[in-house]
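# Structural description and commentary
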Amino acid sequence: MHVLILGGTTEARRLAEMLAAEAPDLKVTNSLAGRVAAPRLPPGEVRIGGFGGAEGLAEWLGAHDVDVLIDATHPFAGTISFNAATAAAMAHVPLLALRRPGWVPGQGDVWHETGSLEEAAGLLPTLGRRVFLTTGRMGLAAFAHLEDLWFLVRSVDAPEPPHPARMEVLLDRGPFTLDGEREVLLRHGIDVVVTKDSGGAATAPKLTAAREAGLPVVVVRRPPVPEGVPSVADSRQAADWISDRLEQGTFRAAD
């Protein structure tokens, strides 16, 4: 049996580790988009790069005898989830979405939710002057016109222009600690935080640190996902779903 995991997330890597330990005879291919220069590689075969849209992915599924497709991509990957749904239907391959739950504001949080990075940029001048921008290196062009604000940009790899002129780059990779996030906010004099609603525990401590400091947080809402795709919230549930299909012999059957 052959499982293709569209990954690049912590959950995708954990799923691959579980399958390697619990179902060693299962062939697992991990697909990474290639946006990070030195990604943490999961066990199993690794494929890096795009497929050429939904039709290209459907052709790949058929050519490589994929029995089940797991969409464990980042919540803001967007297009790939719709391509996965279309390709799975075209190739008659069962599809499961592994989607980590989004964050929920708690008591004391000062959140400003927006639908895009552009909307987030529009809010910033009314909220603060020193911005902790934790949306990654992609999309910095949305903030490039804010010449009066100073940005601390945290990303795994160095960003490329266009980006804000007044900017310091912090190259780092999660998971992050609460003490570490407190220190970042204090050391850089941050007065507003910008984040995408990525969910998960690895990058959540910044939200707690901002709450403690009474700082506003601009939260970019997630993009829509395909309807009608079965989904689970964590890697354990995904591994159990795959195990159940193995036992039932329901791979390669159209749902």
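Everything below is about the structure shown above.
Quick summary incoming for the structure in this document. (Residues numbered from 1 in each chain as written. Predicted model: local features only at pLDDT ≥ 70, side-chain atom pairs only at ≥ 80, totals over all residues. Heavy atoms only, no water.)

So, on to the packing of helix H1 (residues 10–22) against helix H7 (residues 235–248). Running from N to C, H1 and H7 cross one another at 45°; their axes reach a closest spacing of 9 Å. Taken together, the axis directions place H1 and H7 in an arrangement best described as oblique. Crossing hand, H1 versus H7: right-handed. Along its contact with H1, which presents Glu11, Arg14, Leu15, Met18, Leu19 and Glu22, the element H7 presents Ser235, Arg236, Ala238, Ala239 and Ile242. Considering only residue class, the contact of H1 with H7 consists of 6 nonpolar, 1 polar and 4 charged. (Axes fitted to C-alpha atoms, helices over the stretch in contact; angles between N-to-C directions. Helix = DSSP H or I, 4+ residues; strand = E, 2+ residues; numbered from the N terminus. Parallel < 35°, antiparallel > 145°, perpendicular 65-115°, else oblique. Left-handed = near helix turned anticlockwise from the far one by under 90°. Contact = heavy atoms within 4.5 Å. Nonpolar A, V, L, I, M, F, W, Y, C, P; charged D, E, K, R; others polar.)

This part takes up the packing of aromatic side chains. Within the structure shown, the criterion is met by 2 aromatic pairs. Ring centres 5.7 Å apart and planes at 80° place the aromatic pair Phe51 and Trp60 in the edge-to-face group. The exposure classification of Phe51 matches that of Trp60, with both residues buried. Directly above the ring of Trp150 sits Arg130, whose terminal nitrogen or CZ lies 4.0 Å from the centroid. The cationic tip of Arg154 hangs over the ring face of Phe176; the distance from NZ or CZ to the ring centre is 3.7 Å. (Phe/Tyr/Trp six-rings, centres within 6.5 Å; stacked < 30°, edge-to-face > 60°. Buried < 20%, exposed > 50% of the residue type's maximum accessible area, 1.4 Å probe, protein only. Lys NZ or Arg CZ within 6 Å of the ring centre and 35° of its normal.)

Here 6 strands make up an open sheet; going across it, the order is S6-S11-S10-S7-S8-S9 and the pairing parallel. Each having just a single partner strand, strand S6 (110–114) and strand S9 (167–171) make up the two edges of the open sheet. Shown here is a sheet whose adjacent strand axes are inclined to one another by a mean of 20°, direction ignored. Both S6 and strand S11 (residues 216–220) contribute to a ladder of 5 bridges, which runs parallel. Within S11, the residue paired with Trp111 across the bridge is Val217. Along the sheet face, helix H6 (residues 205–213) touches S6, strand S8 (150–155), strand S10 (192–196) and S11 and points at about 155° away from the line of S10. (Pairing = 2+ DSSP bridges.)

Quick look at the nonpolar core now. One finds Ile5, Leu15, Leu19, Ile70 and Ile242 to be the most contacted residues of the largest nonpolar core, which totals 19 residues. Among the elements of the structure, strand S1 (2–6), H1, strand S4 (68–71), strand S5 (95–98) and H7 are those that each provide at least two residues to this core. With residues up to four places along the chain from it excluded, the contact list for Leu19 reads Ile5, Pro24, Leu26, Val28, Ala239 and Ile242. The next biggest cluster of nonpolar side chains, apart from the first, holds 18 residues, and it includes Leu133, Leu140, Leu146 and Val192. (Core = buried A, V, L, I, M, F, W, Y, C linked by side-chain atoms within 4.5 Å.)

With that settled, consider unusual backbone geometry. Omega for the bond connecting Pro161 with Pro162 falls within 30 degrees of zero, at 0°, which places this linkage in the cis form. Within the secondary structure, Pro162 sits in the loop between S8 and S9. For Asp65, which is not glycine, the phi dihedral falls at a positive 50°. Structurally, Asp65 can be placed in the loop between helix H2 (53–63) and S4. For His92, which is not glycine, the phi torsion reads 55° and is therefore positive. Within the secondary structure, His92 sits in the loop between helix H3 (79–91) and S5.

Right, let's talk about H2 for a bit. Looking only at H2, the buried set comprises Ala54, Gly56, Leu57, Ala58, Trp60 and Leu61. Those residues of H2 that are buried are in contact with S1, strand S2 (27–32), strand S3 (45–48), S4 and H3. Backbone geometry just downstream of H2 places Asp65 in the positive-phi region, at approximately 50°.

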